[in-house]
Amino acid sequence: MGYIEIYRISRKNEDTTMDLTKEHARKVYKAMVRARLLEAKFSSLYKAGQIVGGVYLGKGQEAVSASIGARLIPGKDIFAPLIRDQAGRTAFGEDFLDATRTYLGSVEGPMKARDGNIHRGRPKEGLIAMISHLGTSLSVLGGMLKARQIQGKMDGCVGATCIGDGATSTGAFHEGLNYVAVEKLPVVVVVADNQFAYSTPNSKQYACKDLIDRAKGYGLAGHSVDGTDTLACAAVIGQAVDAARNGEGPQMVVAKLLRLSGHGEHDDGAYIPDEVRNSHYGRDCMEVGKQQLIELDWLTEEELAEWEAAAKLEVQTAVTTAQKEAGPDPYKEDWCALARGSYRDW
Amino acid sequence: MSVTYIDAIRDAQYHALETDEKVFIYGQDIGKFGGAFKATKGLQDKWPGRVMDAPISEDAMVGMAIGAAIEGMRPIVEMQFADFSSVGFNQIVNNAATHFYRTGVPIPITVRMPSGGTPGSGPFHSQSIETIYSHYPGCIVLTPATVSDAYHMLLEGIAMDDPVIYCEHKFLYRWLKSDNYDGDGLPIGKARITRPGKHATVVTYSAMVHESVRAAEMLQAEGWEIEVVDLRSVKPLDTDTVIASVARTGRLLAVGEAFPWGGVTAEIVARVVKEAFHLLDAPPMRLNAKDTPIPYHPKLWAAHRPTPESIRHALKQLLAY
């Protein structure tokens, strides 16, 4: 491995160890830092009345999300993020401007102000634009991969999607999971079991002991990870992506954690009991990751301060740019939902 | 040579697979088995990688097609029965139909819907679903009534860049025959005057075109000349041809096999009343199926949907005004 330092993680109850490179761990953490700062800005803008609609944060889920985004190859792989995946989007290479323009309603954004907030993507560049109906992206992701397979264009690509514990209860998720398993597609499904779907605790969401039990039922390889353990996420989720890429079929990762915000910034999450907040999973993966990297000498306080300063500048630049841009003009909108302009005569 | 409506659907898919390698077909039991109605008979033998069996997962089937369309392919999804498309409804109306407007990336999928009633099929294998998909922006909804239209409109739909809901009427599958697929070259978006007349206009589509023509033939014996307009596609809806016909006759009856609340027939009446009120010599009428689930027993079923007799009866009322 030459100059690359290797961090070997002993996994609980398993005899295996997992490899994680310094380079990859830093890539994951840097995306987490950048995403947390961008989302903090969105929260402020929302509270100041600058963002209409909603703001949905990935606070507490950055390690899981960045770990999947960082392992995917932009321009080759496909990513279907959900509402708490700013970190994964950032790691996958989504420009901050795509996020700020969509949140602030600029016509220059990828959704041209026709859709907002986390409902954004660049499907032709492998970033699926989610709809609010949870679980639907999984079969879309599968279809994109299947199309490449039919056309002989797989070229070792992988597709990944993130989903929460609540979304695992939908029919679309079931159908999609079954589909990618039946077709043995190179898919990684990352479930962030953050204990609450909006206000509903997972005791009212599923009855199996652990969501990872479902992997076996559907015929996927299953991996469990502590979603607050940043380096474990980077290692385990990275390994799942590698396994899918190596032809080992669809993979499912279930990460246990706690959502460290409300469902959206309109929600204070008061329904989350103190004993849950104060439990192991109530810890912040940002703090955990920082400590892990500094202990390993893979990151210094000074470097981190540089990352943060650069990210803050980048956030400010993106927000300023989007704020200066025009919002949509209802009188110039073509009000046509169809792709072919000639249909307008109808 | 004699070809049927189902032959047209099968042969159009054959042609599409042969001429465009971006086309594939996905659905339940459509591979070796050739589909519940044999609309894909023999196609998997010729194109094993592009005619694929799906699990019983209408949501995932449509989702899969959306993904493949993003990648530039032109999927055809066969619903085993139009009734079951309700399970894939969300992917069609919320994902496929919004996708171009939201992202600028078109979703050229064609969803084939074996629609409409046949005797003994009951509540869940008989439905007409054109109204619900027409309601949503971003969908094209085709309702061919002839063998030639079944062939050409399917090919035209596959070539379109938007989600196409192709309503193929099961009652016409084997009953409707033609010498060949030669048509009159009408494009999607243009209605056809199936039968000219001057005393009243029946505007209809799909299997009800044939029922309406029978009613018109009955009335011819009594001296009435009824014009029958076949919409061919309900979205887009060719209002111009409808109004031109009403201008000739002064009387409008809109006939559809779907349930009576709202829908295509209500849309026709609303458009004519708004844009051509001055042309009407009588209040416009609508005739639809009854407002109950579609009954199983052939006697109940035959009375549930419009029939030549009930259409004739409605026309008599319209003409008597």
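Quantities reported herein were computed from a predicted structural model and do not represent experimental measurements.

**Q** Just checking my understanding: could you explain the confidence of the model for chain B for this structure?
**A** Residues at a pLDDT of 70 or more form 100% of chain B, whose mean pLDDT is 97. Reported confidence for the predicted complex is 0.96 by ipTM and 0.96 by pTM.

**Q** So what exactly am I meant to see when it comes to the interface of chain A and chain B here?
**A** Interface extent is often summarised as the accessible area lost during association of the parts. Opposite the 34 residues of chain A that make contact, chain B presents 33 residues. Those elements giving two or more residues to the side of chain A that touches chain B turn out to be helix H5 (136-150) and helix H6 (171-182) of chain A. In terms of residue count, H5(A) provides more of the side of chain A that touches chain B than any other element does, eleven residues in total. Residue composition of the side of chain A that touches chain B, grouped by class: 18 nonpolar, nine polar and seven charged.

**Q** Teacher, can you tell me more about the packing of helix H1 (residues 22-47) of chain A against helix H2 (residues 62-71) of chain A here?
**A** How two helices sit against one another is set out by the angle between their axes and by the gap between those axes. Residue and element names in this part refer to chain A. The geometry of H1 relative to H2 is characterised by a closest axis approach of 9 Å and an angle of 125° between their N-to-C directions. It follows from the interaxial angle that H1 and H2 lie oblique. Considering the relative orientation of H1 and H2, their crossing is right-handed. Between H1 and H2, the contacting residues are His24, Lys27, Val28, Ala31, Met32, Ala35 and Arg36 on the first element and Glu62, Ala63, Ala66, Ser67, Gly69 and Ala70 on the second. Residues of the contact of H1 with H2, tallied by class, amount to seven nonpolar, three polar and three charged.

**Q** Looking at this structure, I do not really get H6(A). What am I missing?
**A** For an α-helix the count is 3.6 residues per turn, leaving residues at separations of three or four pointing the same way. Along its twelve residues, H6(A) runs 16 Å from first to last C-alpha, staying within 8% of the 16 Å computed at 1.5 Å per residue. Judged by how many residues are buried, H6(A) sits mostly within the fold: nine of twelve residues are covered. When H6(A) is considered as a whole, its buried residues turn out to be Ala172(A), Phe173(A), Glu175(A), Gly176(A), Leu177(A), Asn178(A), Tyr179(A), Val180(A) and Ala181(A). Close packing links the buried residues of H6(A) with H5, strand S4 (159-164), strand S5 (187-193) and helix H7 (213-218) of chain A together with helix H3 (58-70) of chain B. Downstream of H6(A) by one or two residues, Lys184(A) has phi in the positive range, about 50°.

**Q** Could you clarify how one ought to interpret the environment of Cys336(A) in this entry?
**A** Residue and element names in this part refer to chain A. Locating cysteine 336 in the fold gives a position in the segment after helix H11 (301-324). With 14 C-beta atoms counted inside 10 Å, the residue cysteine 336 sits in the partly exposed group. For the pair cysteine 336 and histidine 223, spaced 113 residues apart in sequence, the C-alpha to C-alpha distance is 45 Å.

**Q** How should I be thinking about the nonpolar core in this particular structure?
**A** General note: in soluble globular proteins, nonpolar side chains tend to be found buried as a group. With 197 residues, the main nonpolar core has Val188(A), Val190(A), Ile237(A), Val253(A) and Ile165(B) as its most contacted residues. Counting contributing residues per domain, this core is built from domain 1 (3-178) and domain 2 (192-320) of chain B, each supplying no fewer than three. Not counting the four nearest positions on each side in its chain, Val188(A) is found in contact with Ile68(A), Val158(A), Ala160(A), Ala240(A), Val241(A), Ala244(A), Gln251(A) and Val253(A).

**Q** Is there a simple way to think about unusual backbone geometry in this case?
**A** Negative phi values dominate among residues other than glycine, just as trans dominates among peptide bonds. Of the consecutive residues Lys235(B) and Pro236(B), the connecting peptide bond is found in the cis state with omega at 10°. Relative to the helices and strands, Pro236(B) resides in the loop between strand S12 (233-235) and helix H8 (239-249). For Gln195(A), which is not glycine, the phi torsion reads 80° and is therefore positive. Counting through the fold element by element, Gln195(A) comes out in the loop between S5 and strand S6 (196-197). Despite not being glycine, Asp29(B) has its phi angle at roughly 65°, a positive value. Tracing the backbone shows Asp29(B) in the loop between strand S2 (23-27) and helix H2 (43-46). Residue class for Asp29(B) comes out partly exposed when judged on the 16 C-beta atoms lying within 10 Å of it.

Cut-offs used in this document
- Residues numbered from 1 in each chain as written.
- Chains lettered and ligands numbered in written order.
- Predicted model: local features only at pLDDT ≥ 70, side-chain atom pairs only at ≥ 80, totals over all residues.
- pLDDT = per-residue confidence, 0-100.
- Contact = placed C-beta atoms within 7 Å.
- Helix = DSSP H or I, 4+ residues; strand = E, 2+ residues; numbered from the N terminus.
- Nonpolar A, V, L, I, M, F, W, Y, C, P; charged D, E, K, R; others polar.
- Axes fitted to C-alpha atoms, helices over the stretch in contact; angles between N-to-C directions.
- Parallel < 35°, antiparallel > 145°, perpendicular 65-115°, else oblique.
- Left-handed = near helix turned anticlockwise from the far one by under 90°.
- Expected span 1.5 Å × (residues − 1).
- Buried ≥ 20, exposed ≤ 12 C-beta atoms within 10 Å, placed from the backbone.
- Core = buried A, V, L, I, M, F, W, Y, C linked by C-beta atoms within 7 Å.
- Domains from an automatic or database assignment.

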